[in-house]
Amino acid sequence: MPAYVIALLRAEDLDSEPLREYRAANTPLVERHGGRFTVRGGRVDVLEGNPPGRVVVIEFPDAAAARAWYDDPDYEAIKGLRQQAAETDLVIVDGA
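Residues numbered from 1 in each chain as written. Predicted model: local features only at pLDDT ≥ 70, side-chain atom pairs only at ≥ 80, totals over all residues. Heavy atoms only, no water.

## Structural notes on the overall build of the protein chain
Right, so step 1: If you tally the helices and strands in the protein chain, you get three helices and four strands.
Right, so step 2: Along its sequence from the N terminus, the protein chain presents helices and strands in the succession β-α-β-β-α-α-β.
Right, so step 3: Dimensions of the protein chain, computed from the C-alpha atoms along their principal axes, are close to 30 × 30 × 15 Å.
Right, so step 4: Taken across its 96 residues, the protein chain has 33% of its residues classed as buried.
Right, so step 5: Averaging the coordinates of the 11 positive side-chain charges in the protein chain and doing the same for the 17 negative ones gives two points 2 Å apart. (Helix = DSSP H or I, 4+ residues; strand = E, 2+ residues; numbered from the N terminus. Buried < 20%, exposed > 50% of the residue type's maximum accessible area, 1.4 Å probe, protein only. Lys, Arg positive; Asp, Glu negative; His and termini not counted. Charge placed at Lys NZ, Arg CZ, Asp CG, Glu CD.)

What follows is the structure, given as structure tokens:
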């Protein structure tokens, strides 16, 4: 069953140098774990609640692959770039 990593980012500058470095380094890590971006930015039409600055959805083959991406030492090395530049809600959700 596929699983999805959903990230809601809030930042003053969503195109800051740390976030650009993070995106460039993260893309091959996601692919290494069988993931693919299904949403990466784009227009957000808020129906309820507060708008995030950016929405990212990554599809993985299963929750174990998503967790392996997050726990990868190479990801550990870059996630600080995102954390310093943006407040993020990050979850893994099982697909239907």
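Structure shown, so let's carry the discussion forward.
## Description of the environment of Ile-92
Right, so step 1: Tracing the sequence through the fold places Ile-92 in strand β4 (residues 87-94).
Right, so step 2: Each C-alpha atom, one on Ile-92 and one on Arg-32, is 17 Å from the other, the two residues being 60 residues apart in sequence.
Right, so step 3: Not counting chain neighbours up to four residues away, the residues in contact with Ile-92 comprise Ala-3, Tyr-4, Val-5, Ala-63, Ala-66 and Arg-67. (Contact = heavy atoms within 4.5 Å.)

## Topic: the nonpolar core
Right, so step 1: Ranked by internal contacts, the top residues of the largest apolar core, which has 17 residues, are Val-5, Leu-9, Ile-58, Phe-60, Trp-69 and Tyr-75.
Right, so step 2: Of all the elements in the fold, those that place two or more residues in this core are β1 (3-10), α1 (17-32), β3 (54-60), α2 (63-71) and α3 (73-85).
Right, so step 3: Take this core: its biggest share by element is four residues, from α1.
Right, so step 4: Once residues within four sequence positions are removed from consideration, Ile-58 is found in contact with Ala-3, Tyr-4, Val-5, Val-30, Gly-35, Arg-36, Phe-37 and Trp-69. (Core = buried A, V, L, I, M, F, W, Y, C linked by side-chain atoms within 4.5 Å.)

## Quick notes on empty space enclosed by the protein
Right, so step 1: Under the counting rule described, the total for this entry stands at one cavity of 30 Å³ or more.
Right, so step 2: Space inside the largest cavity adds up to approximately 160 Å³.
Right, so step 3: Contributing elements (two or more residues each) for the lining of the largest cavity: β1, α1, β2 (36-40), β3 and α3.
Right, so step 4: Top contributing element to the lining of the largest cavity by residue count: α1, with four residues. (1 Å grid on protein atoms, 1.4 Å probe; cavity = no way out; pocket = protein on both sides within 12 Å on 5 of 7 lines; lining within 4 Å. Points joined across faces, edges and corners; volume = space filled by probe spheres on them.)

## Details of the pairing of β1
Right, so step 1: Taking every second residue as pointing to the same face, the buried face of β1 carries Ala-3, Val-5, Ala-7 and Leu-9, while none of Tyr-4, Ile-6, Leu-8 and Arg-10 on the other face is buried.
Right, so step 2: Here seven bridges tie β1 to β3, and the two strands are oriented antiparallel to one another. Paired with Val-5 across the bridge in β3 is Ile-58.
Right, so step 3: With eight bridges joining them, β1 and β4 adopt antiparallel strand pairing. Pairing of Val-5 across the sheet is with Ile-92, part of β4. (Pairing = 2+ DSSP bridges.)

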